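Chains, contacts and geometry: an overview
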Amino acid sequence: MNIFQTTEKTNHLPEKYKTMSVEELEGRVKEIKEKLGKRLYIPGHHYQKDEVIQFADATGDSLKLAQLSADNRDAEFIVFCGVHFMAETADILTTDNQTVFLPDMRAGCSMADMADIHQTERAWEKLYELFDDTILPLTYVNSTAAIKAFVGEHGGATVTSSNASKMVKWAFKQKERILFLPDQHLGRNTAYQLGVPVDEMAIWNPQENQLEYDGPVEKIKVILWKGHCSVHENFTTANIESVRKKYPDMRIIVHPECSREVVNLSDLAGSTNYIINQIELSHPDTSWAIGTETNLVNRLIKQHPDKHIISLNPYMCVCLTMNRIDLPHLVWCLESIESGERTNVIKVEETISFHANLALNRMLAQS
Ligand code: 13P
Ligand code: SF4
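Residues numbered from 1 in each chain as written. Chains lettered and ligands numbered in written order. Predicted model: local features only at pLDDT ≥ 70, side-chain atom pairs only at ≥ 80, totals over all residues. Heavy atoms only, no water.

This next bit is on the sheet that holds strand β9 (residues 201-205). Spatially, six strands are ordered β7-β6-β8-β11-β9-β10 in an open sheet, and the strand pairing comes out mixed. In the strand order of this sheet, the two ends are held by β7 (157-159) and β10 (210-212), each with one partner. Geometrically, the sheet is characterised by an average inter-axis angle of 30° between neighbouring strands, direction not taken into account. Sheet topology note: the strand β6 (residues 135-140)/strand β8 (residues 177-181) ladder contains five bridges and is parallel. Residue pairing for β8: Thr-139 is matched across the bridge by Leu-181. The strands touched by helix α8 (residues 164-174) within the sheet are β6, β7, β8 and β11 (222-225), with β6 carrying the most contacts at an inclination of about 165°. (Pairing = 2+ DSSP bridges. Helix = DSSP H or I, 4+ residues; strand = E, 2+ residues; numbered from the N terminus. Axes fitted to C-alpha atoms, helices over the stretch in contact; angles between N-to-C directions. Contact = heavy atoms within 4.5 Å.)

Turning our attention to the site of ligand 1. Taken together, 13 residues surround ligand 1, and among them His-45, Ser-62, Ser-161, His-255 and Glu-257 come closest. Side-chain polar atom of Ser-161 to an oxygen atom of ligand 1: 2.8 Å apart, as the coordinates give it. Taking His-255, its side chain carries an N or O atom lying 2.8 Å from an oxygen atom of ligand 1. For ligand 1, whose free accessible area comes to 300 Å², the fraction covered by protein is 96%. (Near = heavy atom within 4 Å. Polar contact = N/O pair within 3.5 Å; in protein donor to acceptor, adjacent residues only side chain to side chain. Areas by Shrake-Rupley, 256 points an atom, 1.4 Å probe, with all protein chains shown as cover.)

This next bit is on the site of ligand 2. Residues in contact with ligand 2, as listed here, are Tyr-47, Cys-109, Ser-110, Met-111, Asn-142, Cys-229, Val-231, Glu-257 and Cys-319. Broken down by class, the residue content of the shell around ligand 2 amounts to six nonpolar, two polar and one charged. (Nonpolar A, V, L, I, M, F, W, Y, C, P; charged D, E, K, R; others polar.)

Note on placement: Val-318 falls in the loop between β15 (308-311) and α14 (327-339). You can call Val-318 partly exposed: its relative accessible area is 24%. Through-space distance from the C-alpha of Val-318 to that of Val-198 is 31 Å; in sequence the pair is 120 residues apart. Sequence-distant contacts of Val-318, that is, excluding residues within four places in its chain, are made with Glu-293, Thr-294, Asn-295 and Asn-323. (Buried < 20%, exposed > 50% of the residue type's maximum accessible area, 1.4 Å probe, protein only.)

Let us look at the nonpolar core. Burial of nonpolar side chains together is a common tendency in soluble globular proteins. Ranked by internal contacts, the top residues of the largest apolar core, which has 102 residues, are Val-79, Leu-138 and Ile-290. With seven residues, the top contributor of residues to this core is α14. Among residues more than four places away in sequence, those in contact with Val-79 are Leu-40, Tyr-41, Ile-42, Pro-43, Phe-101, Pro-103, Leu-330, Cys-333, Leu-334 and Ile-337. Counting 20 residues, the second largest nonpolar core, distinct from the first, contains Ala-123, Leu-127, Leu-179 and Ala-359. (Core = buried A, V, L, I, M, F, W, Y, C linked by side-chain atoms within 4.5 Å.)

Bringing empty space enclosed by the protein into the picture now. Taken as a whole, this structure holds two cavities of 30 Å³ or more when the rule is applied. Of the volumes computed, that of the largest cavity is approximately 80 Å³. Around the largest cavity, the lining residues are Ser-62, Leu-65, Ala-66, Ser-69, Phe-80, Phe-85, Met-86, Thr-89, Ala-90 and Val-141. Listed by contribution, the elements that provide at least two residues to the lining of the largest cavity are α4 (62-71) and α5 (84-93). (1 Å grid on protein atoms, 1.4 Å probe; cavity = no way out; pocket = protein on both sides within 12 Å on 5 of 7 lines; lining within 4 Å. Points joined across faces, edges and corners; volume = space filled by probe spheres on them.)

Taken as a whole and assessed by the stated rule, the structure comprises three aromatic pairs. Centre to centre, the rings of Trp-124 and Tyr-128 are 5.8 Å apart; their planes meet at 45°, and the pair counts as tilted. Placement of both Trp-124 and Tyr-128 in helix α6 (residues 117-131) is noted, with a separation of four residues, approximately one turn of the helix. Look at Trp-124 and you get buried, because its relative accessible area is 9%. Accessibility expressed as a relative area gives 33% for Tyr-128, which makes it partly exposed. Between Trp-124 and Phe-150, the aromatic rings sit 5.7 Å apart at their centres with planes inclined by 80°, giving edge-to-face as the arrangement. Placement of the pair is Trp-124 in helix α6 and Phe-150 in helix α7 (residues 145-153), with a sequence separation of 26 residues. (Phe/Tyr/Trp six-rings, centres within 6.5 Å; stacked < 30°, edge-to-face > 60°.)

Turning our attention to the packing of α8 against helix α15 (residues 350-366). Close contact between α8 and α15 brings their axes to 10 Å; oriented N to C, the two are set at 110°. If you check the angle between α8 and α15, you find them roughly perpendicular. Facing α8, whose interface residues are Lys-166, Met-167 and Trp-170, α15 presents Arg-362, Met-363 and Gln-366. Residues of the contact of α8 with α15, tallied by class, amount to three nonpolar, one polar and two charged. (Parallel < 35°, antiparallel > 145°, perpendicular 65-115°, else oblique.)

It is worth spelling out the sheet that holds strand β16 (residues 345-346) at this point. Pairing is mixed in the open sheet, where four strands are placed in the order β1-β4-β5-β16. Strands with a single pairing partner mark the edges of an open sheet, and in this sheet they are β1 (40-41) and β16. As paired strands, strand β5 (residues 99-101) and β16 are joined by two bridges and run antiparallel to one another. Residue pairing for β16: Val-100 is matched across the bridge by Ile-346.

Detailed reading of the predicted model is not advised wherever pLDDT is low. For the protein, the mean per-residue pLDDT works out to 95, and 97% of the residues sit at or above 70. Every residue in residues 1-10 is under pLDDT 50, and counting partners more than four places away or in other chains gives 22 contacts. (pLDDT = per-residue confidence, 0-100.)

This part is about the pairing of β8. In terms of burial, β8 is largely enclosed, as five of its five residues are buried. Alternating positions in β8 separate into two faces, Arg-177, Leu-179 and Leu-181 on one and Ile-178 and Phe-180 on the other, with burial throughout.

Our next topic: α7. Burial within α7 is extensive, with seven of its nine residues counted as buried. Regarding α7, the residues found buried are Ala-145, Ile-147, Lys-148, Ala-149, Phe-150, Val-151 and Gly-152. Buried positions along α7 lie against α5, α6, β6, β7, β8 and α15. A positive phi of about 85° marks Gly-155, the residue just after α7.

Structure, rendered in structure tokens:
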């Protein structure tokens, strides 16, 4: 039980942090980190800004950050530099003696917002009528804790972009068909790669509360929730054509949150960790167009001056919600821990946490 004051509402950054210099802000982070030592742990997702990532105790994709949260039993305070669903996951996977903070409560995820629990329950009712007990729900970790709990309660599991293939295979061992929430692209790309033809995949439209499919429903193997990432949808086949024309030797690597058409025309596709590894393993003088969030692409450009790296979309912008976590918010959060006031605590309700934990642990057991 969390005995401290928790603040679930959106708090605004106090004025004082807006006027502090970068040196002052960085100095405060260093001081507090030193003072709290192992009591404080700062995980940072690869999409975070450099000004924040420089202070992360560990960086990773969503799978690695979930694994690290599950393994960490030392830190009392976990300041999660990422988005809301990642901080919720960390809270679910840590003990009651550990408190998870999100430096800016507005750091959500537009994809996670595309599926709410009421829509999911309504969808399940209809799908169950159609398919009876032949269907298993899987959810991308980019979803609310309530959806993870729903999936956990119904025998399913979470997936990340690192282990989606493994988890879809696992799901097909349990049931004949799957409902994949909330990213239609990751679901489609993964199932397609595993040999499920596109005409055996239906779309669930949560707005209309209906299935979008032409053909006999018995043929359906995968039901894709009609959600997407508003960042990755900005990589298009036109971007690929333009890169191929301008740089015929350039290799194109994208995140599987991109559409199937984009993934099919690319050379490689995989999670943020996979992208980083491929660039690290490649020979000097190779050239790459990367289809993922801009902070990560810019970091890779800086870290590999011997390689020619560009963004697949030259007009791409950052993930705005990931970018809400900045140095002033980090300092605000750390000072609140120092003063005992504890702003922006993420605490998932107990029953939800229990069932979501089932879904997460089924994934972690396979990973
Ligand atoms: P991964 O970190 O699993 O590659 O996911 C990217 C992402 O969109 C996180 O929101
Ligand atoms: Fe969500 Fe897309 Fe941003 Fe990832 S990149 S946090 S999926 S909006």
